[in-house]
Structure formats: C-alpha cells, structure tokens
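Chain by chain, the residues:
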Amino acid sequence: MSLSPDFWGPSTSSLISKGLGYLVLIGLIAFFCCLYQMRMMLRRVQKDSGIPILPHSFLFGHLVTLAKLSMKYGIPPDAHGHWVFHHLRQEYPDIMNKGIMYMDPWPIGYPMITVHDPDMMAQFTQENSLPKFWALGKVEFRDVTEGEDLLNLDGQEWKTARSIFNPGFSARNLLSLVPNMIEEVLVFRERLRKAATSGQVVRLEDYTTDIAVDIIGYAVLGARLETQTKPNRLMETMKSQISMMYFELDLRKLLNPIRILKHRIYNRIIRNELVPYLSKTAQNYEKIEGPKTVIALALKSYVKDTQDYSARRDIPPEFIERVIKHIKIFMFAGHDTTATVLAYIYYKLSKHPDVLAKIRAEHNEILGVDPADAADRVRADATLLNKLPYTTAVLRETLRLYPPAGGSIRQSPPGHFITHPETGCYWPDADSFIPERFMTHDKTDPLYPVKNAWRPFEMGPRACIGQELVSVEVKLILALTVREFQVEEAYAKDAPEWMGDKAYQIFNREIVAAAHIRDGLPAKIKFSRTK
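Bear in mind the structure is a predicted one, so any value in this text is a computation, not a measurement.

**Student:** Describe the overall build of the chain, listing the residues and the values that go with them.
**Tutor:** Of regular secondary structure, the chain possesses 20 helices and seven strands. For 531 residues, the compact-globule estimate of 2.2 N^0.38 gives 24 Å, and the chain sits close to it at 26 Å. Along the first, second and third principal axes, the C-alpha atoms of the chain reach 85 × 65 × 50 Å. Per-residue burial for the chain yields a buried fraction of 49% across its 531 residues. Long-range pairs, those at least 24 residues apart, make up 74% of the contacts in the chain with a sequence separation of at least 6. Entry remark: accessible area of the chain is about 26,500 Å², with carbon and sulfur atoms responsible for 57%. Distance between charge centroids for the chain: 2 Å, based on 66 positive and 61 negative side chains.

**Student:** Lay out the environment of Glu127 in plain terms, naming residues and giving numbers.
**Tutor:** Considering the arrangement of structural elements, one finds Glu127 in the loop between helix H5 (118–125) and helix H6 (134–140). Between the C-alpha atoms of Glu127 and Gln486, which are 359 residues apart in sequence, the distance is 44 Å.

**Student:** So what about the packing of aromatic side chains? Which residues, and what values?
**Tutor:** Taken as a whole, this structure holds 17 aromatic pairs when the rule is applied. Each ring, one from Phe31 and one from Phe32, has its centre 5.3 Å from the other, and the planes form 85°; the classification is edge-to-face. The exposure class assigned to Phe31 is partly exposed, which follows from its relative accessible area of 34%. Seen from their ring centres, Phe169 and Phe330 are 5.0 Å apart, and the 70° between their planes marks the pair as edge-to-face. Separated by 161 residues along the polypeptide, Phe169 in the loop between helix H8 (155–165) and helix H9 (171–176) and Phe330 in helix H16 (residues 317–351) bring together distant segments of the chain. Of the two residues, Phe169 and Phe330, neither departs from the other in class, the shared state being buried. Through a chain of ring-to-ring contacts, the aromatic side chains of Trp427, Phe438, Trp454 and Phe457 assemble into a single cluster.

**Student:** Give a detailed account of a nonpolar patch on the surface, specifying residues and quantitative values.
**Tutor:** Together, Ile16, Leu20, Tyr22, Leu23, Leu25, Ile26 and Ile29 make up an exposed nonpolar region whose accessible area comes to about 740 Å². Note on placement: Leu20 falls in helix H1 (residues 10–49).

**Student:** Before we move on, can you summarise the sheet that holds strand S3 (residues 201–203) with the specific residues and values?
**Tutor:** Strand order in this open sheet of three strands is S3-S7-S4, and the pairing throughout is antiparallel. Since the sheet does not close on itself, it has two edges, and those belong to S3 and strand S4 (485–489), each with one partner. The sheet shows a mean angle of 45° between the axes of neighbouring strands, taken without regard to direction.

**Student:** Before we move on, could you go through the pairing of strand S7 (residues 522–527) and cite the residues and values that matter?
**Tutor:** One ladder, built from three bridges, connects S3 with S7; its direction is antiparallel. Directly across from Val201, in S7, lies its bridge partner Lys524. Judged from the five bridges that link them, S4 and S7 form a sheet pairing that is antiparallel. Across the sheet, the residue bridging to Val487 is Ile525, located in S7.

**Student:** Give me the lowdown on H16, citing residues and values where you can.
**Tutor:** Here H16 spans 52 Å end to end across 35 residues, near enough to the 51 Å set by a 1.5 Å rise per residue. Among the 35 residues in H16, 28 count as buried, and that is most of the element.

**Student:** Please provide a residue-by-residue account of the nonpolar core, values included.
**Tutor:** Core analysis: the biggest nonpolar cluster contains 111 residues, and Phe165, Val178, Met181, Val220, Ile327, Leu476 and Ile525 have the highest contact counts within it. Of all the elements, H16 adds the most residues to this core, at 17 residues. One finds Leu54, Leu66, Leu69 and Val84 within the second-largest nonpolar core, a separate group that totals nine residues.

Calculation criteria
- Residues numbered from 1 in each chain as written.
- Predicted model: local features only at pLDDT ≥ 70, side-chain atom pairs only at ≥ 80, totals over all residues.
- Heavy atoms only, no water.
- Helix = DSSP H or I, 4+ residues; strand = E, 2+ residues; numbered from the N terminus.
- Rg over C-alpha atoms; globule rule 2.2 N^0.38 Å.
- Buried < 20%, exposed > 50% of the residue type's maximum accessible area, 1.4 Å probe, protein only.
- Contact = heavy atoms within 4.5 Å.
- Areas by Shrake-Rupley, 256 points an atom, 1.4 Å probe, with all protein chains shown as cover.
- Lys, Arg positive; Asp, Glu negative; His and termini not counted.
- Charge placed at Lys NZ, Arg CZ, Asp CG, Glu CD.
- Phe/Tyr/Trp six-rings, centres within 6.5 Å; stacked < 30°, edge-to-face > 60°.
- Patch = residues over 30% accessible without salt bridge, like charges linked within 9 Å, V, L, I, M, F, W, Y side chains within 5 Å.
- Salt bridge = Lys/Arg side-chain N within 4 Å of Asp/Glu carboxyl O.
- Pairing = 2+ DSSP bridges.
- Axes fitted to C-alpha atoms, helices over the stretch in contact; angles between N-to-C directions.
- Expected span 1.5 Å × (residues − 1).
- Core = buried A, V, L, I, M, F, W, Y, C linked by side-chain atoms within 4.5 Å.

So yeah, pure geometry; function would need other evidence.
This is how it looks when you write it as structure tokens:
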C-alpha cells in the first residue's frame, strides 16, 4: 500500500504548521506561567520576611544583576560560579552582611536562599540536618545513580548506607592502607622526575588526577588501576559519563537525543568493570589478612547486619547494584577533590617560598633529613603522617581559599526557619595564604578560625565521608615529593588573569564535579636545590 502524492499536499502542510504553532504557543504559555509563579513566590517571601534582596527584575530575576556584576568586576566567563559571592559582598555589603540572601536565577537555576554565615549554616546542617535538595537525585544524578547513592540518599536509607561504609573510611583503616598507597605515590614521583629531566611544560592537574584515581581505586576496590601508566577503561568511561551531567541549564546536553542511551551504555560498562572486583572481595573477604579496603569492610558490615549470607558465590543482586552506585560517587568525587587541591597546594607553595621552607623543615624533623628515606619511614609507621601539623594547615588553608565545591544544597520543610545571629568577620585577611591561622590555639589571636567557618567538606552528619582519605593521601604525596621538586607555573604571558591570578578556579562543563584550576595548571617541574 502506498500513500497518495496528495497526502503531503498544501492542506497537510498547513495542518502540521498549525499543530507546531499551537505546541509553541502552549510552551510559551507554560513558560510564562512558571515565570510568574517563580517571581511572585520570591517577592511574597521577601515581603513577609522583610529581608532585603538584590535588584530584582520580574522578567529576568537576578540574572541581570549578576550579569552587570560580572561585567563591572571583569569576571571571566569560565570562572566558577561560587566566586560571584566574593564580588556580591563588595557590591552589596549591607545585604550580604545579613548572612542570608534570596537568589533567583530561574530559568538557569532554581530559586534559592543562599546562606553564608557559619552559625546560620550550622542550623540546617549540624543542629538539624535537612535533606538534600530533591533535584540532585531526581535530575542531576538520575541517569548516573538514580539518586540512590550516599550523596543523595536521605533518612534511614542514608543512615544504613553511611554505617556500612564508615569503617572503611575511618582514619585508622586508611592509615593501615598507607603502605599500599605508597606504591602509587612512587609512580607519581617517578613521573615528576621524568618531567623535571625533560624540562617540558606539563599539565600538573593531569598528574594529580591520575595519582588520586589510583589511590582511591586501591582504597575502595583493593586494586591497582594503573591510571598513571596506561589508559583505564573504568575511569575513562566514568569521565565520559561525568561529561554528560549538568548542574545548571545546559541545552546542548539536555536536548542531546542520545544522552539517555549513552548513559545506559556507560552504566553497563561501569557495572561490568566493577562486578569482578566485588565478586572477588565477596568470595575472599574473610581470608584477607591485614588492611581491609572500603568494599571489604562494607561487605563485612552488610553480612553482620543481615545475618543471611550462607553462599559466598551468591552475592545478593540488590547489594551489588547499591554498592556500584555508591562506588561511582566515591570514585567520582574522591579523585576530583584530591586532584584539584593537590594542584593548588603545589601552586601556592611555588608562590610562597616561606611556606615551602616551613613545610620542608617539618618533613626534615619528622621524616628525616634525607627525602629518599621518607617512603620507608612512613611505610614502617604510617602514624608519622599525623605528626605533620603544618602540612595539615597548608592543606586546610588551600581548601579554604579554593574549595572544590561551592556548598551544600538542602531542602527546607514548610515552617522551618533560620534565626539570625550576630554576624561579623570570619576570616581576617581572607584573601591571603596564611596556613598559620590553623596552627593557633589562642582564641584571642585575630587569626583564630571562627567556629563553623571552615567547611569545604561540610559539617554535621552529612559531612563528606571521604575527607579523612583526602587528608591522608595529600599528606602522603607531599611527604614523598615536596622536598625533591619545585613547581613553576608556566601560563602564557597573555593568559587572562582574575583578581591578580592566572590560576583562578574555573567551571569546566566537561568535568562538572568541582571547581578546577585553570588550564590544569601548566607547569615546569624542577629538582629542588635543597634536595
């Protein structure tokens, strides 16, 4: 049977055109209805609470205000969004000093209340831990984990998952894994030696990303992923999947016709890569002597809680699927934070030779004057890493200045309210790199950190489960490299600067997890003269 040529005649084309026109009209009506609801909601809330807001356009919300701010202060288009609050404080001090502000970026993002007073933050993260914002799990992580991961779960499901994984991320267990982590750091050190010998410019963040992946791969899976020496299918697939995620309106990704199909393919590949590690651990976890990985301890905790695991080869399918989703978040967030902060530490040490001298002096005192002995000393006694307070202060100060994540997004139930404490200055000389602020124990010292102010890993019950891992691996990597090498940034002379810095934090749409150092920190690695 064939269609008559008249089927696609003028009348049919007219009907199709009218249909499309009606669809567009309906879409526009729906858009403006949502626009009206969003704008009026914010204005009603502001009127009822009496809290002042930034100049607000009924048509564009706060987008015009933010655009004007970006133009006035020359904020680069690739700069990470959480830095806008630095300039908002300069432009609207009376509003920002309230510690709370209404923000309406719709339709680019969701209307929200931004809180930047430490004690006010504590009210919904520590004193009363509110659930995560619904869109995180239902929209942003839907195709990756369906929101069924430690980052997005809430209530009893989250408590159960957290209790299963807590043993593996405990400080004691992570220190027991240090001897194996050292093997990965030695590979990293050899790469730095080759870079120093060649004299070529390298992207240092690529190096720090690979070492972070290999360390978290061992800590979680008990496997050497060897990302530093050859391509790894698991991480390459995870990076491809991450590049398809979006945390703000991105029409290119949202309207990609094969986005859902590609997510399904990536999920299947990742599952196939992870299942052998899980199967091996499940069959042998009781036979493993010495240090236990995160997954081994999670399985042990699961078996203990369920009391229903008689066949070692019959892993409960639901357990496998849940664990895979959690592992994706651990690998996704764990390597990204470490890689970024480590690159920034090397960068700041290159700009502050006095700090570099102090951290080297501390390592000489605790690890011995010969850097070549450091690996053996730490391998024999991993607790030496706990005796490096100045190194820890450098880590904390770098995270204060360059937090990989901009904050925690929570959802308030009806009737919830935040009281307004007395606000003030949280970080004296806030833009300066002063690790000593984390060394003082004198509360009268102007540099003494304000309670609740330092929160790159958040605080309260939902604090990042992997923060101790970041601390251990960063201190370990610095202990084995910082005395042997010097890093010199190698940005082009005409590279853009912002706030006097070429290495400003950017938002990379292909690596959406966190704020990253611009261009991956092009640098030359040199052997230290004090080696």
